[in-house]
Amino acid sequence: MYDTLWQLIATGNYTLADITNKINVFWAESQLTDEQRTELLALAVENISTDQEKPELETTVEKLAARVTALEEAVTALQGDTGDSGSGGSSAYPEWTSWDGVSDNYQYGAIVSHNGTLWISVYNGQNVWEPGVTGTESLWQAYTADAESKE
């Protein structure tokens, strides 16, 4: 079997995935030694014809591109990022909503958009107060995204 595979590889008329699979099957069936398998795999990589691999690589790239697009869409949906900051706030941060009595969304360091301004919670615990209203100055501080890049 070794000689047959060696001759096939020498022609360059194979795809790497296909020949690798064949080599591994014959090796698993004990028709090739470990040394023969290693040699044939190295030879297959060395003698690969780019013309044979091109369709397989194009298909792989297309699948990866579709997957990247799907992942980008999923991340955008999770962030709630519409690309439109609207009232001057940043769409990268969630809009503040009043506390529902259950969630712990606004812990220390949470950043929210509210009334066109970004706010960061500086309260050590669950911050249930509305940012920017009188009396919450020690709980929320105005925040700029520039402060994040300076850290």
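Let me sum up the structure you'll find in this document. (Residues numbered from 1 in each chain as written. Predicted model: local features only at pLDDT ≥ 70, side-chain atom pairs only at ≥ 80, totals over all residues. Heavy atoms only, no water.)

Quick look at the overall build of the protein chain
Then comes step 1: When helices and strands are tallied, the protein chain shows five helices and three strands.
Then comes step 2: Residue burial in the protein chain is summarised as follows: out of 151 residues, 25% are buried.
Then comes step 3: As displayed, the protein chain has an accessible area near 10,200 Å², and 53% of this comes from carbon and sulfur atoms. (Helix = DSSP H or I, 4+ residues; strand = E, 2+ residues; numbered from the N terminus. Buried < 20%, exposed > 50% of the residue type's maximum accessible area, 1.4 Å probe, protein only. Areas by Shrake-Rupley, 256 points an atom, 1.4 Å probe, with all protein chains shown as cover.)

Looking at the sheet that holds strand β1 (residues 111-114)
Each strand in a sheet pairs with another by means of backbone hydrogen bonds, the pair being arranged parallel or else antiparallel.
Then comes step 1: Pairing is antiparallel in the open sheet, where three strands are placed in the order β1-β2-β3. Each edge of the open sheet carries a strand with a single partner, namely β1 and β3 (140-143). Within the sheet, the average angular offset between the axes of one strand and its neighbour, ignoring direction, is 40 degrees. (Pairing = 2+ DSSP bridges. Axes fitted to C-alpha atoms, helices over the stretch in contact; angles between N-to-C directions.)

A closer look at the pairing of strand β2 (residues 117-121)
Then comes step 1: Within β2, four of the five residues are buried, which leaves it mostly tucked inside the rest of the structure.
Then comes step 2: Looking at chain direction, β1 and β2 are connected through four bridges and run antiparallel. Considered in β2, the bridge of Ser113 is made with Leu118.
Then comes step 3: Hairpin remark: β1 followed by β2, antiparallel, with two residues in the connecting loop; positive phi at Asn115, about 55 degrees.
Then comes step 4: By the bridge criterion, four bridges tie β2 to β3 in an arrangement that is antiparallel. The residue bridging Ser121 from the neighbouring strand is Trp140, located in β3.

What about the packing of helix α1 (residues 2-11) against helix α2 (residues 16-28)?
Then comes step 1: Interhelical geometry of α1 versus α2 gives an angle of 170 degrees and a closest axis separation of 11 Å. The orientation of α1 with respect to α2, classified from their angle, is roughly antiparallel. Across the interface between the two elements, Leu5, Leu8 and Ile9 from α1 touch Ile19, Lys22, Ile23 and Phe26 from α2.
Then comes step 2: A breakdown of the residues in the contact of α1 with α2 according to their chemical character gives six nonpolar, no polar and one charged. (Parallel < 35°, antiparallel > 145°, perpendicular 65-115°, else oblique. Contact = heavy atoms within 4.5 Å. Nonpolar A, V, L, I, M, F, W, Y, C, P; charged D, E, K, R; others polar.)

Considerations on the nonpolar core
Here is a general trend for soluble globular proteins: nonpolar side chains tend to be buried in one another's company.
Then comes step 1: Listed in full, the twelve residues of the largest apolar core are Tyr2, Leu5, Ile9, Tyr14, Ile19, Ile23, Phe26, Leu32, Leu40, Leu41, Leu43 and Ala44.
Then comes step 2: At four residues, the largest contribution of residues to this core is made by helix α3 (residues 34-46).
Then comes step 3: Counting residues in each nonpolar core, the second largest holds seven residues, with Tyr106, Ala110, Val112 and Trp140 among its members. (Core = buried A, V, L, I, M, F, W, Y, C linked by side-chain atoms within 4.5 Å.)

Some thoughts on the pattern of salt bridges
Then comes step 1: On inspection of all chains with the given rule, the structure shows one salt bridge.
Then comes step 2: Among the salt bridges present, the one from Asp18 reaches Lys22, with a minimum N-O distance of 2.8 Å. Taken together, the residues span about one helical turn, with Asp18 and Lys22 both in helix α2 at a distance of four residues.
Then comes step 3: Accessibility expressed as a relative area gives 32% for Lys22, which makes it partly exposed. (Salt bridge = Lys/Arg side-chain N within 4 Å of Asp/Glu carboxyl O.)

Observations regarding the packing of aromatic side chains
Then comes step 1: One pass over the structure, following the stated rule, counts three aromatic pairs.
Then comes step 2: Ring geometry for Tyr106 versus Trp140: centroids 5.9 Å apart, planes at 70 degrees, classification edge-to-face. Taken together, the residues Tyr106 in the loop between α4 (50-79) and β1 and Trp140 in strand β3 connect sequence positions 34 residues apart. Here Tyr106 matches Trp140 in class, with each residue buried.
Then comes step 3: Relative to Trp129, the ring of Tyr123 has its centre 5.5 Å away and its plane inclined at 85 degrees; by these criteria the two rings are edge-to-face.
Then comes step 4: For Tyr123, a relative accessible area of 31% gives the class partly exposed.
Then comes step 5: Taking NZ or CZ as reference, Arg37 lies 4.5 Å from the ring centre of Trp27, over its face. (Phe/Tyr/Trp six-rings, centres within 6.5 Å; stacked < 30°, edge-to-face > 60°. Lys NZ or Arg CZ within 6 Å of the ring centre and 35° of its normal.)

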